Amino acid sequence: ADPTERLSGYAEGTIGNYNLVRFEGAISGPLSDTLSARLAIQTIDRGGYGHDGAGRDIDDQHSRAVRAKLKFEPSSDFKAILSAEYFHEDDFASALHYAGPGDPDPNFPGAMGATVNRAFVLGGTVANDLYRDTNGDTPSTFKKDDWAITAAIDWKLSDDMTLTSISSYRDVDFHSQFDFDGTKVTLAYDPQFTKGKQFSQELRLGGAIGDLTYVAGLFYYYDDMFFQNRVVRDRRNFNPSLSPQLIKSFYQYGGIKTNAYAAFSQVSYEFTDQFGIDVGGRYSSETKDRYAEAVVNRQPASFPYPTPEFIPGTIPGTFVPNPGYAILTDPNQFFDPNLDVLDPRNLPGPMAVFPRTKKTFKKFTPKVTVRFKPTEEVMAYATYSVGFRSGGFVAGSGSPAFLPEVLKSYEGGLKLDLFDRRLQANFAAFYYDYSNLQVTRINPAGGANLVDSAGSAELYGAEFSFNARPVDDFKIDGQLGWLHARYKEYSSLDSNRPSLGVLNLSGNQIALAPEWTASTGVEYTWHSAVGDVLVYRSLRDRLEAKYTSKVFFTPFNTDRYSEDGFVFFDAYLNIEGHNGMYGGLYVKNIANKDVWASLTGLPVSLGGTIGGTAYAPRTFGPRIGYRF
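Residues numbered from 1 in each chain as written. Predicted model: local features only at pLDDT ≥ 70, side-chain atom pairs only at ≥ 80, totals over all residues. Heavy atoms only, no water.

Regarding the nonpolar core
Rules: The nonpolar core is taken to be a set of buried Ala, Val, Leu, Ile, Met, Phe, Trp, Tyr and Cys residues, with the residues joined through side-chain atoms within 4.5 Å. With a 1.4 Å probe rolled over the protein chains alone, any residue whose accessible area is under 20% of its type maximum counts as buried; one over 50% counts as exposed, and the rest are partly exposed. A helix here means a DSSP run of H or I that spans at least four residues, while a strand means a run of E at least two residues long, and both kinds are numbered starting from the N terminus. In what follows, a contact means two residues having at least one pair of non-hydrogen atoms within 4.5 Å.
Ranked by internal contacts, the top residues of the largest apolar core, which has 17 residues, are L437, Y487 and I510. Elements represented by at least two residues in this core include exactly strand 21 (423-441), strand 22 (450-471) and strand 23 (474-489). The element best represented in this core is strand 21, accounting for 4 residues. Setting aside residues up to four positions removed in sequence, L437 forms contacts with E405, D452, S453, A454, A457, Y487 and I510. In terms of nonpolar packing, the next biggest core, distinct from the first, is built from 13 residues, A119, V185, F250 and L606 among them.

Here it is as structure tokens:
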């Protein structure tokens with residue numbers, strides 16, 4: 001929210017199970033006739049939904065946020081707003097849960113196969129409650145510092161023209177670490193480090209002349225992202241007979257700079273009170289510069305397990321030493337836990353350093369919307385638009401640039417406002433035609449995920465939503481969505497089943513695209529019958545239900561990487577008191593359902609098992625606040 005001309009603000013506190021203590025508040029008001037300010041803060045402290053093998057909380061939250069704004073408005077023709085914000089998080093929120101074995105490779109079945117947790121061979125065991133706990137011995141750290149400044153200026157040049165400038169800078173520093181195997185065996189863990197900085201500048205000229213509304217502008221965006229990722233492993237991963245000792249195994253780093261330029265314009269014209277049209281377009285040019293990239297993987301995936309000391313040579317019937325086995329006896333490859341994880345003495349080598357690579361992606365994307373409003377209560381529309389996501393690089397992998405993604409969208413719908421606004425209903429049908437859909441998949445060699453370019457994909461479906469108030473104090477709302485989402489042309493390699501080669505995935509359901517989604521809520525408001533005798537002016541209770549049908553988490557559409565349909569129920573009781581006081585009670589996930597929010601394959605050299613993160617369990621508590 002922007003600063004206000006009058007003194008105002010609020011303070012709100014929430015407590016809950018899992019030792020939740022949350023506070024947020026803001027104060028806003030004038031500093032002079034032309035200058036006003038606002039300061040907002042938020043703190044969240046919550047214990048974990050589970051524990052790791054050392055008894056530490058995981059999936060907890062400890063964060064702080066602050067934002068300050070200054071508004072300078074010397075006249076009705078000029079306004080400038082400067083904002084600065086900072087966010088800090090330091091907790092164990094990135095825990096990766098062992099969710100089960102991955103899809104088995106039929107050419108390597110059983111205990112010697114590709115989807116057996118290597119830690120099991122070393123005596124490791126996983127937690128009893130996979131959704132909440134993990135037996136991992138490595139702390140699941142999650143640290144982030146994020147700050148930004150933004151300046152927004154609106155200058156009214158005339159009654160028909162306003163110039164807008166938006167400048168923004170953001171800096172991000174992010175560290176995370178998670179345990180790969182989910183057992184007390186230090187089989188492998190993964191520290192990751194990312195630093196990024198961004199700058200953007202937008203200039204817009206807009207206004208209205210009679211029945212014509214227009215906007216035109218220029219946009220520039222700069223991004224510099226540098227990351228480091230490594231895996232520290234127990235050398236017994238390759239030979240259980242060896243003594244436990246950490247080794248320098250996988251390490252990669254990469255840096256990508258983005259310079260993006262765009263010019264855009266849109267005009268809207270009202271031919272009559274009932275009929276109007278919007279026509280717009282955008283020209284985008286984005287250059288991706290992979291200025292730094294290197295990787296070393298001293299333990300390539302090998303089957304069956306354990307890695308043998310000798311492997312078949314190029315001449316049939318001959319055997320040669322296996323490099324993945326031989327390095328385990330080299331003392332220079334041992335990892336020293338007393339040194340920093342990124343200490344040069346702890347990094348493996350030699351690294352494959354890739355040359356600097358740069359590529360530019362350009363596209364013009366139009367948009368046309370036709371609007372028809374036969375009455376004040378009914379509006380119909382039809383839209384054709386083109387979307388563009390530039391190609392790019394996966395830093396640290398040595399892979400070539402992936403292609404830009406293009407979306408052609410066709411949509412039509414109705415918006416209804418009926419019975420003196422007691423019923424609002426919206427209906428939309430759409431068809432999406434994707435070219436070179438960018439699909440993320442697991443890298444069989446480990447490290448950063450790869451990005452494939454699916455040749456084509458299509459999505460079509462329909463959505464319906466409504467908001468009804470049959471009587472003054474009773475409200476019911478709902479949403480129903482149906483989606484057909486399929487890859488039309490796409491082939492890829494499954495990291496869990498590499499011996500099957502490239503698989504044809506045409507006709508498979510697109511990952512993270514459920515066929516059905518639905519939600520509904522019922523709400524009733526009670527009013528104090530005797531005024532100030534009671535402590536509240538109104539009391540509103542609400543019950544919500546949300547349904548999602550089966551979701552596949554990978555384009556291979558296997559049951560092990562999916563979540564069946566589920567329903568969440570939430571309930572709220574909100575109280576409006578006197579003199580600015582308010583409060584309420586809440587309970588979310590009433591049935592305490594265990595549901596995976598994401599599932600991902602882990603490196604095959606560690607067993608190709610499934611790592612998952614779960615939705616929150618049942619949470620509940622009260623909140624109280626004051627507005628002025």
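Moving on from the coordinates now.
Focus: the packing of aromatic side chains
Put simply, the test is: Stacked, tilted and edge-to-face are the three classes applied to pairs of Phe, Tyr and Trp rings, where Trp contributes its six-membered ring and a pair requires centres within 6.5 Å; stacked means planes under 30 degrees apart, edge-to-face means over 60, and tilted covers the rest. Should the NZ of a Lys or the CZ of an Arg lie within 6 Å of a ring centre and within 35 degrees of the ring normal, that charge is described as sitting over the ring.
One pass over the full model with this rule turns up 24 aromatic pairs. Here Y131 and W596 contribute two aromatic rings whose centre-to-centre distance is 4.3 Å and whose plane-to-plane angle is 25 degrees, an arrangement assigned as stacked. Here Y131 is found in the loop between helix 1 (118-121) and strand 9 (142-158), whereas its partner W596 is found in strand 32 (residues 596-601), with 465 residues between them in sequence. When its relative accessible area of 8% is taken as the criterion, W596 is described as buried. Between F430 and Y432, the aromatic rings sit 5.0 Å apart at their centres with planes inclined by 35 degrees, giving tilted as the arrangement. Chaining the aromatic ring pairs together yields one cluster made of Y384, Y410, Y431, Y460 and W482. Over the aromatic face of Y582 sits the side chain of R627, whose NZ or CZ is 3.8 Å from the ring centroid.

Digging into the pattern of salt bridges
As a reminder of what qualifies: Counted as salt bridges are all cases of a side-chain nitrogen of Lys or Arg within 4 Å of a carboxyl oxygen of Asp or Glu.
The final tally for this structure, using the stated rule, is 31 salt bridges. Residues E576 and R627 are paired through a salt bridge, measuring 3.4 Å at the closest nitrogen-oxygen approach. One end of the pair, E576, is in strand 30 (residues 566-577); the other, R627, is in strand 34 (residues 619-627), with 51 residues separating them in the sequence. Given the relative accessible area of 24%, E576 is considered partly exposed.

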